[in-house]
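Observations on the model geometry
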Number of protein chains: 2
Amino acid sequence: MSEIVAIENGVCAAKGFRASGVHCGIRKNKVKKDLALIVSEQRAATAAVYTTNLVKGAPLTVTKNHLADGFASALICNSGNANTCNANGIEIAEGMCELVSQHLGIPASDVLVASTGVIGQPLSLDPIAEGMDNLCANLSTTGLAAAQAIMTTDTIAKEAAVSFTVGGVPCRLGGIAKGSGMIHPNMATMLVFITTDCAIAPALLQKALSEDVKSSFNMVSIDGDTSTNDMVTVMANGLAGNPEITAEDGDFAVFCEALHRVTVKLCRMIAGDGEGATKLLTCKVKNARDEQTAKTAAKSVICSSLFKAAMFGADANWGRVLCALGYSGAALDIAKIDVGFASAKGEITVCKAGAGVPFSEEKAKEILLEKEIDVNIDLHDGEAVAEAWGCDLTYDYVKINGDYRT
Amino acid sequence: MSEIVAIENGVCAAKGFRASGVHCGIRKNKVKKDLALIVSEQRAATAAVYTTNLVKGAPLTVTKNHLADGFASALICNSGNANTCNANGIEIAEGMCELVSQHLGIPASDVLVASTGVIGQPLSLDPIAEGMDNLCANLSTTGLAAAQAIMTTDTIAKEAAVSFTVGGVPCRLGGIAKGSGMIHPNMATMLVFITTDCAIAPALLQKALSEDVKSSFNMVSIDGDTSTNDMVTVMANGLAGNPEITAEDGDFAVFCEALHRVTVKLCRMIAGDGEGATKLLTCKVKNARDEQTAKTAAKSVICSSLFKAAMFGADANWGRVLCALGYSGAALDIAKIDVGFASAKGEITVCKAGAGVPFSEEKAKEILLEKEIDVNIDLHDGEAVAEAWGCDLTYDYVKINGDYRT
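Summarised in this report is the structure supplied together with it. (Residues numbered from 1 in each chain as written. Chains lettered and ligands numbered in written order. Predicted model: local features only at pLDDT ≥ 70, side-chain atom pairs only at ≥ 80, totals over all residues. Heavy atoms only, no water.)

Structural notes on the overall build of chain A
Selection criterion: A run of H or I in DSSP becomes a helix once it reaches four residues, and a run of E becomes a strand once it reaches two; helices and strands are each numbered from the N terminus. Our radius of gyration looks at C-alpha atoms and nothing else; its globule reference is 2.2 Å times the residue count to the power 0.38. Between buried and exposed lies partly exposed: a residue is buried under 20% and exposed over 50% of the maximum accessible area for its type, with that area taken using a 1.4 Å probe on protein chains only. Here a residue-residue contact requires only that any non-hydrogen atoms of the pair lie within 4.5 Å.
Along the backbone of chain A there are 11 helices and 15 strands. Computed over its C-alpha atoms, the radius of gyration of chain A comes to 21 Å, within 12% of the 22 Å expected for a compact globule of 406 residues. A total of 406 residues make up chain A; the buried ones form 62% of that total. Sequence separation of 24 or more characterises 81% of the internal contacts of chain A that already satisfy a separation of 6 or more.

Set out below in structure tokens:
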């Protein structure tokens, strides 16, 4: 398989994509950007996945309509207001696409739209209309401003990109994400926008994305709340000049692997920057009887409030790991399970064959005081593996969400 | 239907039941009782339900074995150690029953056993053996000491009792409970011990309990973590002298209603005393297309970390209620849903037909600053109703669980 190399930049790493992010006034805090734009100089084959929440943000409905033909040229996204559960939400989301259409001279039906923020507060088009000149004037080939403009309670902008080779031609794929709260994706995560210059048939692009989210964004949980506005898009404009990927061959495998490298990196950034988080938690399950069992087990541990609080306190309370495995719904043989904790400071086994083993509390503390913790679970029941990502539950999660609207 | 009247006491409200609670040394803190005993002067028809967690505490296995004949005379319970995921757990749980047998002169197979506390730490019989004399010497007709001895992070002892009439004969039914953390019951809740002097056939007793938990303990959630040691027992010794209930007649209906009055009261006490809780939250769903839809919707709201944190902050962030309804898995018509908040300070509607309506933030704050909050959801889609109970998510929940073992 061709080498996949991490590169700089995010949503503008691929040829022919420009992006920008500005403050237009949706948010009161003028230091915080609240409007982002991503533009491809050529119509791009575009795949997307959306939240499974029955309450769906109006922008998702409009984006889905505009993607009926599988192609898009631009994406506009605001933060500070989810444009969800508003009587005129569809009208406003369409209006945002129309504004992009007028400013860039492309059909509104080629513009995608996304929103994130508070649910159920009317969103006015006025600040967006006023900000459009500035937004378009700032389009550049670095994606950072766009990554910043989609942040809500995120503390870091999230970008990732790789290069890879298809048919001897170098291609690039990169993306930006926002996460932080209301993160328990089911089909997609909060907002993730990925671009690539690789030429790939639209049906294969959608297939690559739909498969990928099962082991990337759907394995992340911050707080168990599946948002109303989750969306992941991948735009592929083909400007790399590679022979178009049209079959599930070796090139498709390389593309999927490149996509996965970027999505997993964004997953880890989303989990590690969960609301109030001080630690990135990775639950690695191995030797499961099948992949679904491994995934169910890993996700159950990462979602446990008690486990998350214990990790905040660097407390090796492995009973909570066993407990979460036990109620996960996965068919597990508890009497076979080993559990260990690992970090840059080493690894310890705390449970063998479903029962506690003596371990050094001092060593455990040293391991758990690190910023990135792995909980390793060996089910001794097959060969399947899975990983899930989450974060600790902290005072700041409560603080942030105790008065989010104010 | 005969009148059901709340009365004093808990697990000793019924004739012929005595209980005690002492400190025997399982817990280091000598002020905290850690061993409880409940004894019926006559063998009692006994029903029980247990956790659905695949990891089951050893005491549950032993209790289930001892209840194979449907009768019991006593129940012993320790706090401070869950006796779960220990290599010799069964042996210890059997040993606890044997100690009761020796001291009270009843068969060990008529003794039930329960444990609550940390998972995966060996439990020694020594302090229990040493405490038995004291435990038996303190048996009395008030249940408070037993209620105190089963507490872990609970801040209040939980007792409830009622009197009712069967065949013209006054009967009593009462119980004690512990809750606080790892509370998201599925078939039963942490530990609830109920006694009654009503004569009722064992099969009907089990039926009454199994039905009841579906709309009582299974509708409580503190933190989404289903414990390994959940257990609810009802012991019925028949000493009231009523004609035994042997059919699903009017008397059975009275018994079920009496049971429900006590279980719901205990549910509310468990939810209101959730770890770190400052508020009891009740989600009332009405006009659902069927009961399961109502229950699923109510429980999803009560389990949402974001909703719980908003309630801590007295923030009328109703979008989080809609969001939780949307991902609940229930088949809902979002466009029909009304949402309101209520407390002793009044009620306000914040969402009509799935969209926000203007409301006074000041009035909302006044309502949400109370200790008991109802979130009222009208689905306008049928006639079924459900209630679920939970609590807010607070700094103290994180604090309590950040270093529970230390």
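On we go from here.
Concerning the packing of aromatic side chains
To be explicit about the condition: Working definition: rings of Phe, Tyr and Trp (its six-membered ring) pair if their centres are within 6.5 Å, and the pair is stacked with planes under 30 degrees apart, edge-to-face with planes over 60 apart, and tilted otherwise.
A complete count under the given rule lists five aromatic pairs over all chains for this structure. Considering the side-chain rings of Tyr 395 of chain A and Tyr 395 of chain B, the 6.3 Å spacing of their centres and the 70° angle between planes classify their relative orientation as edge-to-face. Separated into two different chains, Tyr 395 of chain A in helix α11 (residues 395-402) and Tyr 395 of chain B in helix α11 (residues 395-402) make up a pair that spans both. On the numbers, 5.4 Å between centres and 90° between planes, the contact of Phe 312 of chain B with Tyr 395 of chain B is edge-to-face. Of this pair, Phe 312 of chain B sits in helix α8 (residues 305-312) while Tyr 395 of chain B sits in helix α11, and the two are 83 residues apart along the sequence. Phe 312 of chain B sits in the partly exposed class, given a relative accessible area of 24%. Taking relative accessible area as the criterion, Tyr 395 of chain B reaches 31% and is therefore assigned partly exposed.

Details of helix α6 (residues 250-272) of chain A
Note the threshold: Multiplying 1.5 Å by the residue count of a helix minus one yields the expected span of that helix. Between N or O atoms, a polar contact is any pair within 3.5 Å; within protein, one atom must be a potential hydrogen donor and the other a potential acceptor, and residues adjacent in sequence are included only when both atoms are from side chains.
The first and last C-alpha atoms of α6 of chain A sit 33 Å apart over 23 residues, in line with the 33 Å expected at 1.5 Å per residue. The N-terminus of α6 of chain A is capped by Asp 249 of chain A, whose side-chain oxygen sits 3.2 Å from the backbone nitrogen of Asp 251 of chain A.

Here we look at helix α5 (residues 202-215) of chain A
Residue and element names in this part refer to chain A. This is how the line gets drawn: The directions from the helix axis to the C-beta atoms form the arc being described.
Taking 1.5 Å per residue as the helical rise, α5 with its 14 residues ought to reach 20 Å, and the 21 Å between its terminal C-alpha atoms agrees with that figure. Those residues of α5 that fall on the buried side of the exposure criterion are Leu 204, Leu 205, Ala 208, Leu 209, Asp 212 and Val 213. Down the axis of α5, the smallest arc covering the buried residues is 165°, so these residues share one side. Residues of α5 that are buried make contact with β3 (35-50), β9 (231-236) and α6.

Structural notes on the pattern of salt bridges
Two side chains carrying opposite charge are able to pair once their charged atoms lie near each other. Formally: Here, a salt bridge means any Lys or Arg side-chain nitrogen found within 4 Å of an Asp or Glu carboxyl oxygen.
A full pass over the atoms with the stated rule returns 30 salt bridges over all chains. Lys 178 of chain B is the partner of Asp 154 of chain B in a salt bridge, and the nearest nitrogen-oxygen pair spans 4.0 Å. You can see Asp 154 of chain B sitting in the loop between α4 (144-149) and β6 (158-166) and its partner Lys 178 of chain B sitting in strand β7 (residues 169-178), a full 24 residues away along the chain. According to the relative accessible area criterion, Asp 154 of chain B is buried, its value standing at 6%. Beyond isolated ion pairs, a larger network of salt bridges with shared partners links Asp 154, Lys 158, Lys 178 and Asp 273 of chain A.

Considerations on the interface of chain B and chain A
The cut-off we apply is this: When two parts are brought into contact, each loses some accessible area as probed by a 1.4 Å sphere; the total of that loss over both is the buried area.
Taken together, the contacts link 52 residues of chain B with 52 residues of chain A. Both faces combined, the contact of chain B with chain A buries some 4100 Å², and carbon together with sulfur accounts for 60% of it. Between chain B and chain A we count zero salt bridges in total. At the junction of chain B and chain A, the tally comes to three residue pairs in polar contact (both at pLDDT 80 or more). Those elements that place two or more of their residues in the side of chain B that touches chain A are α8, α9 (319-326), β13 (355-356) and α11 of chain B.

Section: the sheet that holds strand β12 (residues 346-352) of chain B
Pairing between the strands of a sheet is mediated by backbone hydrogen bonds and can be parallel or antiparallel. Short version of the rule: For two strands to be treated as a pair, DSSP must find no fewer than two bridges joining them.
Strand order in the open sheet formed by six strands is β13-β12-β11-β14-β10-β15 (chain B), with mixed pairing between adjacent strands. Taken across any chain shown, the strands that pair with only one partner, and hence form the sheet edges, are β13 and β15 (384-391) of chain B.

Details of the nonpolar core
Condition: To define a nonpolar core, start from buried Ala, Val, Leu, Ile, Met, Phe, Trp, Tyr and Cys residues and group those joined through side-chain atoms within 4.5 Å.
Ranked by internal contacts, the top residues of the largest apolar core, which has 88 residues, are Phe 164, Phe 341 and Ile 377 of chain A. Here this core gets 12 residues from one element, more than from any other, and that element is α6 of chain A. Core analysis: the second largest hydrophobic core is formed by 87 residues, Cys 85 of chain A together with Leu 204, Ala 208 and Ala 258 of chain B among them.

Considerations on the relation of the copies chain B and chain A
Our working rule: A least-squares fit on C-alpha atoms brings the copies together, and the residues used are those whose pLDDT is at least 70 in both copies.
Mapping chain B onto chain A is achieved by rotating through 180° and translating by 0.0 Å along the same axis, at an RMSD of 0.0 Å. Such a combination of turn and shift is consistent with a two-fold rotation axis. No C-alpha of chain B approaches the rotation axis more nearly than that of Tyr 395 of chain B, which lies at 2.5 Å. A share of 100% of the interface residues of chain B reappears at the interface of chain A, consistent with the copies meeting face to face through the same patch.

Regarding the side chain of Ser 40 of chain B
Residue and element names in this part refer to chain B. Tracing the sequence through the fold places Ser 40 in strand β3 (residues 35-50). The exposure class assigned to Ser 40 is buried, which follows from its relative accessible area of 6%. Within polar-contact distance, the side chain of Ser 40 engages the backbone oxygen of Gln 42 at 2.5 Å. Side-chain polar atoms of Ser 40 contact the side chain of Asn 237, separated by 3.3 Å. What Ser 40 contacts, discounting residues up to four positions off in sequence, is Gly 16, Phe 17, Ser 73, Met 235 and Asn 237.

Let's talk about the environment of Gly 340 of chain A
All names here are of chain A. Mapped onto the elements, Gly 340 comes out in strand β11 (residues 338-343). Sequence separation between Gly 340 and Glu 244 is 96 residues, and the spatial gap between their C-alpha atoms is 45 Å. Those residues in contact with Gly 340, other than ones at most four positions away along the chain, are Ile 348, Thr 349, Val 350, Asp 374, Val 375 and Asn 376.

So, the pairing of strand β14 (residues 372-378) of chain A
The side chains of a regular strand alternate between the sheet's two faces. All names here are of chain A. The buried count for β14 comes to five of seven residues, which makes it a mostly enclosed element. The pairing of strand β10 (residues 280-288) with β14 spans seven bridges and is parallel. Paired with Val 285 across the two strands is Ile 377, which belongs to β14. Where β11 meets β14, five bridges bridge the pair, whose relative direction is antiparallel. Its bridge partner being in β14, Phe 341 is matched across the sheet by Val 375.

Considerations on the environment of Gly 272 of chain B
Residues and elements named next belong to chain B. Tracing the sequence through the fold places Gly 272 in helix α6 (residues 250-272). Through-space distance from the C-alpha of Gly 272 to that of Cys 85 is 29 Å; in sequence the pair is 187 residues apart. Residue contacts for Gly 272: discarding those within four places in its chain leaves Ala 277 and Leu 280.

Comments concerning the sheet that holds β11 of chain A
All names here are of chain A. The line we're drawing: Every angle, taken between N-to-C directions, lies between 0 and 180 degrees, and every axis is a line fitted to C-alpha atoms, over only the stretch in contact when it is a helix.
If you trace the six strands from one edge of the open sheet to the other, you get β13-β12-β11-β14-β10-β15, paired in mixed fashion. Edge strands, defined here as strands with exactly one partner in the open sheet, are β13 (355-356) and β15 (384-391). Helix α8 (residues 305-312) rests against β10, β11, β14 and β15 of the sheet, and its axis sits at about 125° to β10.

A look at the side chain of Asp 378 of chain A
Residue and element names in this part refer to chain A. We apply this condition: Charge assignment in this entry is limited to Lys and Arg as positive and Asp and Glu as negative, and neither His nor the chain termini are counted.
Here Asp 378 shows up in strand β14. Salt bridges are absent for the buried Asp 378, whose nearest opposite-charge side chain, Lys 286, sits at 4.3 Å. At 3.0 Å, the side chain of Asp 378 forms a polar contact with the side chain of Asn 287. Not counting residues within four places of it along the chain, the set of residues in contact with Asp 378 comprises Lys 286, Asn 287, Lys 336, Ile 337 and Asp 338.

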